[in-house]
Amino acid sequence: MEVNSLSLFRSHWIVWKILGINPKDISWKRLYSTYKVILHLVVTVWYPVHIGICLFRNSNLTDNIRNLTIFLTCLACTTKFIIYAYNFNKIHRIEKIVQQLDSRVTGTAQRNIHNQMATQLRNIVYIFIGIYLPIGVAAELAFLFQEERALMYPAWFPFDWKKSNRNYFLSHLYQIIGISYLLLQNYVNDCFPAAVLCLMSSHIKMLYERFEQVGFDDAEDPEDQLEACITDHKRLLELFQINESLMSLPMLIQFAVLCWSYFPSATMAHTLEFALGIFTMRPSDAIG
């Protein structure tokens, strides 16, 4: 039975197809292209914008900081996705290298290493699904059980959603569909590089196994075996370099947003209020 590591990335290719950047096996190319353009304009571009328009328009500073955090999170998600979409040819190259490395897997020991890696990758996928699915469900439940009419996130719409039930539900429908797409974007943004690193780790272990067997098989020339192992090592280095160039900037964006998100919003709000109070204080207030 041949080893096929690419089957472990099937969920990623399905999500990329939903997100409009994987036209593989699509019969209706023009229809898919139209879908892709509309999707990216309406969700990828406009979703962070419609939240950003309402920045610093809330009744208090704490809500403004919270709204800014939501905006930056959505903006970071779409920015990372645009970076991956722009470098999508690198993902195809990763696919080819993985196929070449899979063709070198032989023997029970190497297959056991591959099977352990496959289990780890499936667990990674299950963990991501277990994280993102409850987020979407919790967001929808919070909307359904709220006491007052309000949107999931403070945002701007070209119509008054407060005075019309139809506009209100259209606004909510857009936000729940939009956040679902952003969760899909975040899934492939965060899960794919981690999965590739996990795959690389297993192939390094399997390469070590092949190095140990050099010279033990009388049917093969030891020099040819060593040369094949060196070629595998070069492929692993190329795979690492491609994955590094693909994930470096998105990871920088991710860490920057995480630093902002985990900084206590209330504390920052009070700090800003204190600073504003100092700068607006009259000299007589300070003396008295």
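Residues numbered from 1 in each chain as written. Predicted model: local features only at pLDDT ≥ 70, side-chain atom pairs only at ≥ 80, totals over all residues. Heavy atoms only, no water.

Visitor: Go over the pattern of salt bridges with me, naming the residues and quoting the values.
Guide: Counted according to the given criterion, the structure contains five salt bridges. Here D190 and K80 are joined by a salt bridge, their closest N and O atoms 3.2 Å apart. Linking D190 in helix α6 (residues 165-212) with K80 in helix α3 (residues 61-86), this pair joins segments that are 110 residues apart in sequence. Side by side, D190 and K80 carry an identical accessibility label, which is buried. (Salt bridge = Lys/Arg side-chain N within 4 Å of Asp/Glu carboxyl O. Helix = DSSP H or I, 4+ residues; strand = E, 2+ residues; numbered from the N terminus. Buried < 20%, exposed > 50% of the residue type's maximum accessible area, 1.4 Å probe, protein only.)

Visitor: Would you mind going over helix α1 (residues 10-18) in detail, with residue names and values included?
Guide: Turn by turn, an α-helix covers 3.6 residues, leaving residues three or four places apart pointing in a common direction. Listing the buried residues of α1 in full gives H12, W13, V15 and W16. All buried residues of α1 lie within an arc of 160 degrees about the axis, which places them on one face of the element. Immediately downstream of α1, the backbone of G20 shows phi near 90 degrees, a positive value. (Arc of directions from axis to C-beta.)

Visitor: Any chance you could break down the packing of helix α2 (residues 29-52) against α6 for me, citing the residues and the numbers?
Guide: Where α2 meets α6, the closest approach of the two axes is 10 Å, and the angle between their N-to-C directions is 100 degrees. It follows from the interaxial angle that α2 and α6 lie roughly perpendicular. Side by side, α2 and α6 meet where Y35, L39, V42, V43, T44, W46, Y47 and H50 of the first sit next to Y174, Q175, G178, I179, Y181, L182 and Q185 of the second. (Axes fitted to C-alpha atoms, helices over the stretch in contact; angles between N-to-C directions. Parallel < 35°, antiparallel > 145°, perpendicular 65-115°, else oblique. Contact = heavy atoms within 4.5 Å.)

Visitor: I'd love a proper account of the side chain of N167, names of residues and values included.
Guide: Turning to its location among the elements, N167 is positioned in helix α6. On the basis of relative accessibility, which here comes to 11%, the residue N167 falls in the buried class. With residues up to four places along the chain from it excluded, the contact list for N167 reads F159, D160 and W161.

Visitor: Provide a residue-level description of a nonpolar patch on the surface, including the pertinent values.
Guide: On the surface, Y126, I129, L133, V137, L141, L144 and F145 cluster together into a nonpolar patch covering about 760 Å² of accessible area. Along the polypeptide, F145 turns up in the loop between α5 (107-144) and α6. (Patch = residues over 30% accessible without salt bridge, like charges linked within 9 Å, V, L, I, M, F, W, Y side chains within 5 Å. Areas by Shrake-Rupley, 256 points an atom, 1.4 Å probe, with all protein chains shown as cover.)

Visitor: Before we move on, could you go through the layout of surface pockets and cite the residues and values that matter?
Guide: Each pocket or cavity is described by its volume, and for the second largest pocket that value is around 300 Å³. Along the walls of the second largest pocket sit 15 residues, with T106, Q110, R210, Q213 and Q225 positioned nearest its centre. Elements represented by at least two residues in the lining of the second largest pocket include exactly α5, α6 and α7 (222-262). Sort the elements by how many residues they give to the lining of the second largest pocket and α5 lands first, with four residues. (1 Å grid on protein atoms, 1.4 Å probe; cavity = no way out; pocket = protein on both sides within 12 Å on 5 of 7 lines; lining within 4 Å. Points joined across faces, edges and corners; volume = space filled by probe spheres on them.)

Visitor: Got a sec to walk through a negative patch on the surface? Specific residues and values, please.
Guide: Together, E220, D221, E223, D224 and E227 line one region of the surface with negative charge. Note on D224: relative accessible area 47%, which makes it partly exposed. (Lys, Arg positive; Asp, Glu negative; His and termini not counted. Charge placed at Lys NZ, Arg CZ, Asp CG, Glu CD.)

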